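For reference, the chains in residue letters:
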Amino acid sequence: MAAITAAMVGELRAKTDAPMMECKKALTEADGDMGKAEEILRVKLGGKASKASARITAEGVVAAYIAGGVGALVEVNSETDFVAKNDDFLALSNAAAKLVAEHNPADVAALLALPAGDGKTLDEVRTALIGKIGENMSIRRFQRFETSAKLASYLHGTRIGVIVEFDGADEQVGKDVAMHIAAMKPVALSSEQVPAELIEKERSVAKAKAEEDAAKAAAEGKPAQSADIVAKRLEGSVQKYLKEVSLLNQAFVKNDKQSVEQMLKAANSAVKGFTMYVVGEGIEKKQDDFAAEVAAQMAASKGA
């Protein structure tokens, strides 16, 4: 009989979300055959696709598609990064990006209703894949571009994706800017486009720091700075922040002696807009305490 290791149990649990003791029993019954063990769990536990819909999907991939002046960026989520590497899941993600570009759906619901081949909608393909793998999957968001300018994309693995809309004769410029965005993660094209709530948050942080410094100076018997100096410090902090998070003001990753704006001018090019997705950004992930779960399972088995 094959030895059932903790790694095997963990892999099966990640694929099925079944309790660990059930995973171990299934692997034992299947003599270590992962595929057979998965089928045993489906028979025993049933209904995985419908039950999976309530589970958090914070892993996954970003997929991009560009054809001429039309392009799309899509984030498709899964529960684990293990499933995010599955070929069928990747095919679903790439199909979603192509459908967005070709059909211009109004929202995710409209995207899921689009035909995805073999007489099935994209949602039916997704649901069937959930049933096959036993893990929840969802299409979180997408951005579509249609332009008379040019488009370039960059994928950092499958977890960060960027599409850039740009003008200029040099195709490499668009690719370089997309790579820069993935590395430096600007929040806006220019400082004027940085969301007001982010600026206010930075101003609040700078104000709290100034108050902390003033309290420390008072405790040490040092004179307090004038209101004008404090105001200039606050404004300096905000301006520094705007420079750090706006694309055109950032130092270009391939030549930090130039800003991105200076690089673009030298190349007779201009960026009109961009979208960047980072997988799971802003999603609160479930934190599993496996040690506690093992202890609970053992206590339950002893009680039985």
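As a starting point, this report considers the structure included with it. (Residues numbered from 1 in each chain as written. Predicted model: local features only at pLDDT ≥ 70, side-chain atom pairs only at ≥ 80, totals over all residues. Heavy atoms only, no water.)

Quick word on the overall build of the protein chain
Each helix and strand in the protein chain was counted, giving 12 helices and eight strands. Counting every position in the protein chain, which comprises 304 residues, the buried fraction comes to 40%. Summarising the internal contacts of the protein chain: among those between residues at least 6 apart in sequence, 65% fall at separations of at least 24. Roughly 16,400 Å² of accessible area belongs to the protein chain as shown, and the carbon and sulfur atoms make up 54% of that amount. (Helix = DSSP H or I, 4+ residues; strand = E, 2+ residues; numbered from the N terminus. Buried < 20%, exposed > 50% of the residue type's maximum accessible area, 1.4 Å probe, protein only. Contact = heavy atoms within 4.5 Å. Areas by Shrake-Rupley, 256 points an atom, 1.4 Å probe, with all protein chains shown as cover.)

Topic: the sheet that holds strand S4 (residues 150-156)
Strand order in the open sheet formed by three strands is S4-S5-S8, with antiparallel pairing between adjacent strands. Here the strands that pair on one side only, and so sit at the sheet edges, are S4 and strand S8 (270-278). For this sheet, the mean angle separating the axes of adjacent strands, direction not counted, is 15°. Pairing geometry for S4 and strand S5 (residues 160-167), over seven bridges, is antiparallel. Looking at S5, one finds that leucine 155 is bridged to glycine 161. Most of the contacts of helix H8 (residues 171-184) go to S5, to which it runs at about 140°, and overall it touches S4, S5 and S8. (Pairing = 2+ DSSP bridges. Axes fitted to C-alpha atoms, helices over the stretch in contact; angles between N-to-C directions.)

Considering a nonpolar patch on the surface
Taken together, the side chains of Met179, Met184 and Val253 present a nonpolar region at the surface, about 220 Å² in accessible area. Within the secondary structure, valine 253 sits in the loop between strand S6 (251-252) and strand S7 (255-259). (Patch = residues over 30% accessible without salt bridge, like charges linked within 9 Å, V, L, I, M, F, W, Y side chains within 5 Å. Salt bridge = Lys/Arg side-chain N within 4 Å of Asp/Glu carboxyl O.)

A few points about unusual backbone geometry
One non-glycine residue, aspartate 31, adopts positive backbone phi at about 55°. Within the secondary structure, aspartate 31 sits in the loop between helix H2 (20-29) and helix H3 (34-45). The backbone of asparagine 104 sits at a positive phi, close to 50°, despite the residue not being glycine. Looking at asparagine 104, the relative accessible area reads 47%, which means it is partly exposed.

Some details on the pattern of salt bridges
Considering all chains together, one arrives at 16 salt bridges under this definition. Across the salt bridge formed by aspartate 213 and arginine 233, the nearest N and O atoms sit 3.0 Å from each other. Of this pair, aspartate 213 sits in helix H9 (residues 196-219) while arginine 233 sits in helix H10 (residues 227-245), and the two are 20 residues apart along the sequence. Look at the salt bridges and you will find they share partners, linking Glu75, Arg140, Arg141 and Glu281 into a network.

What about the nonpolar core?
Counting residues in each nonpolar core, the largest one holds 25 residues, and the members touching the most others are Val74, Phe89, Leu111, Leu122, Met137 and Ile139. Listing elements by their share of this core, those giving two or more residues are strand S1 (59-67), strand S2 (70-78), helix H5 (87-103), helix H6 (108-112), helix H7 (122-133) and strand S3 (137-146). Here the element with the most residues in this core is H5; it accounts for seven residues. (Core = buried A, V, L, I, M, F, W, Y, C linked by side-chain atoms within 4.5 Å.)

Thoughts on the sheet that holds S3
Overall, antiparallel pairing links the three strands, which are arranged S1-S2-S3 in an open sheet. The sheet is open, and its two borders are formed by S1 and S3, each paired with just one other strand. Across the sheet, the axes of successive neighbouring strands diverge by a mean angle of 15°, strand direction being ignored. Judged from the nine bridges that link them, S2 and S3 form a sheet pairing that is antiparallel. The residue of S3 that forms the bridge with valine 70 is glutamate 146. Strands in contact with H5 are S1, S2 and S3; relative to S2, the strand with the most contacts, it is inclined by about 145°.

A word on the packing of H9 against H10
Where H9 contacts H10, the axes come no closer than 9 Å and their chain directions differ by 140°. Classified by the angle their axes make, H9 and H10 are oblique. The hand of the H9/H10 crossing is right-handed. Across from Leu198, Ile199, Glu202, Arg203, Ala206, Lys207, Ala210 and Asp213 in H9, the residues of H10 making contact are Val230, Arg233, Leu234, Glu235, Ser237, Val238, Tyr241 and Leu242. (Parallel < 35°, antiparallel > 145°, perpendicular 65-115°, else oblique. Left-handed = near helix turned anticlockwise from the far one by under 90°.)

What to know about the side chain of serine 93
Tracing the sequence through the fold places serine 93 in helix H5. Under the relative-accessibility criterion, serine 93 is labelled buried at 1%. The residues touching serine 93, leaving out its near neighbours within four places in the chain, are Val61, Ala63 and Val76.

Observations regarding H9
Given a rise of 1.5 Å per residue, 24 residues ought to cover 34 Å, and the 35 Å separating the end C-alpha atoms of H9 matches this to within 8%. The inward-facing, buried residues of H9 abut H10. Backbone geometry just after H9 places glycine 221 at a positive phi near 80°. (Expected span 1.5 Å × (residues − 1).)

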